Amino acid sequence: MNLGEMKQKVLRLIEEIAPEKTDLTDDQDIKNKINDVINQVQYELARIKKITAIETIEVKEGEDYELSDLDNFYQLDRIKGVKYEHFGNYVEFEEEGIAKIYYYKYPKRIDKDSKDTVKLEISDDALEIMPYGVAADLLKSDVSNQYGNIYANRYNELKNGLDPRYATSTAIIEGGIDI
């Protein structure tokens, strides 16, 4: 799903869509905030439903590497190929070789200048609940009708149901177990 499709989903949900408009809505306040709110919600969802990334680099023994130099680095999973020590945002390589860094990253930042064709990087299940989070934030200051609270409650309910796993494990024991 891309940014423009997400905007359409949100605006249809809150009944503010004007499909004949290039900005999709007549509401100037929503128009000014929607990209920033989409960015905030996608970052929140990316911390639950993590985006995986792999980087391969050539390293030298004793070399220090700052993990924030990786593309949109969020959290280290593991490093294969060389021995290393990890401390906070830094890695010190204990041998020369090729390091394959497995990590989680933040999605590409969405701002006011982002094109509607930008692909959103979070998983499909997170994308399906994202409109409720965006709607809640867009409408939270509209105290007259409480729609912001209604969407926030639904978003939190759906968010709590997200499964952060990418795969489940299976163990096969051949020859039985002697207890």
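Every value quoted in this text rests on a predicted model; they were computed, and no experiment measured them.

As for the sheet that holds strand β1 (residues 51-59)
And then number 1: Spatial ordering of the open sheet is given by β1-β6-β3, a layout of three strands whose pairing is antiparallel. Across the chains shown, the open sheet's two edge strands, defined by having one partner strand only, are β1 and β3 (73-80). The sheet shows a mean angle of 30 degrees between the axes of neighbouring strands, direction not considered.

A short note on the sheet that holds strand β5 (residues 90-93)
And then number 1: Sheet architecture is open: three strands sit in the order β2-β5-β4, paired in antiparallel fashion. Strands at the two margins of the open sheet, each flanked by one partner only, are β2 (64-66) and β4 (84-87). Ignoring strand direction, the axes of neighbouring strands in this sheet form an average angle of 20 degrees.

Some words on the pattern of salt bridges
And then number 1: One pass over the full model with this rule turns up ten salt bridges.
And then number 2: Note that K33 and D29 form a salt bridge whose closest N and O atoms lie 3.4 Å from each other. Pair noted here: K33 and D29 are both in helix α2 (residues 28-48), with a separation of four residues, about one helical turn.
And then number 3: Of the residues examined, D29 reaches a relative accessible area of 42% and is grouped as partly exposed.
And then number 4: Residue K49 is joined to D125 by a salt bridge in which the shortest nitrogen-to-oxygen separation is 3.0 Å. Taken together, the positions of K49 in the loop between α2 and β1 and D125 in helix α3 (residues 124-139) put the pair 76 residues apart, joining distant regions of the chain.

So, the packing of aromatic side chains
And then number 1: Applying the stated criterion across every chain, the model contains six aromatic pairs.
And then number 2: Taking the centre distance of 6.5 Å and the plane angle of 35 degrees together, the rings of Y147 and Y151 count as tilted. Taken together, the residues span about one helical turn, with Y147 and Y151 both in helix α4 (residues 147-160) at a distance of four residues.
And then number 3: By relative accessible area, which is 43% here, Y147 ends up partly exposed.
And then number 4: A cation over a ring is seen here: K50 above Y104, with NZ or CZ 5.0 Å from the ring centre.
And then number 5: R154 extends its terminal NZ or CZ atom over the ring of Y132, reaching a point 5.9 Å from the ring centre.

Here is what the cut-offs are and how they apply
- Residues numbered from 1 in each chain as written.
- Predicted model: local features only at pLDDT ≥ 70, side-chain atom pairs only at ≥ 80, totals over all residues.
- Heavy atoms only, no water.
- Pairing = 2+ DSSP bridges.
- Helix = DSSP H or I, 4+ residues; strand = E, 2+ residues; numbered from the N terminus.
- Axes fitted to C-alpha atoms, helices over the stretch in contact; angles between N-to-C directions.
- Salt bridge = Lys/Arg side-chain N within 4 Å of Asp/Glu carboxyl O.
- Buried < 20%, exposed > 50% of the residue type's maximum accessible area, 1.4 Å probe, protein only.
- Phe/Tyr/Trp six-rings, centres within 6.5 Å; stacked < 30°, edge-to-face > 60°.
- Lys NZ or Arg CZ within 6 Å of the ring centre and 35° of its normal.

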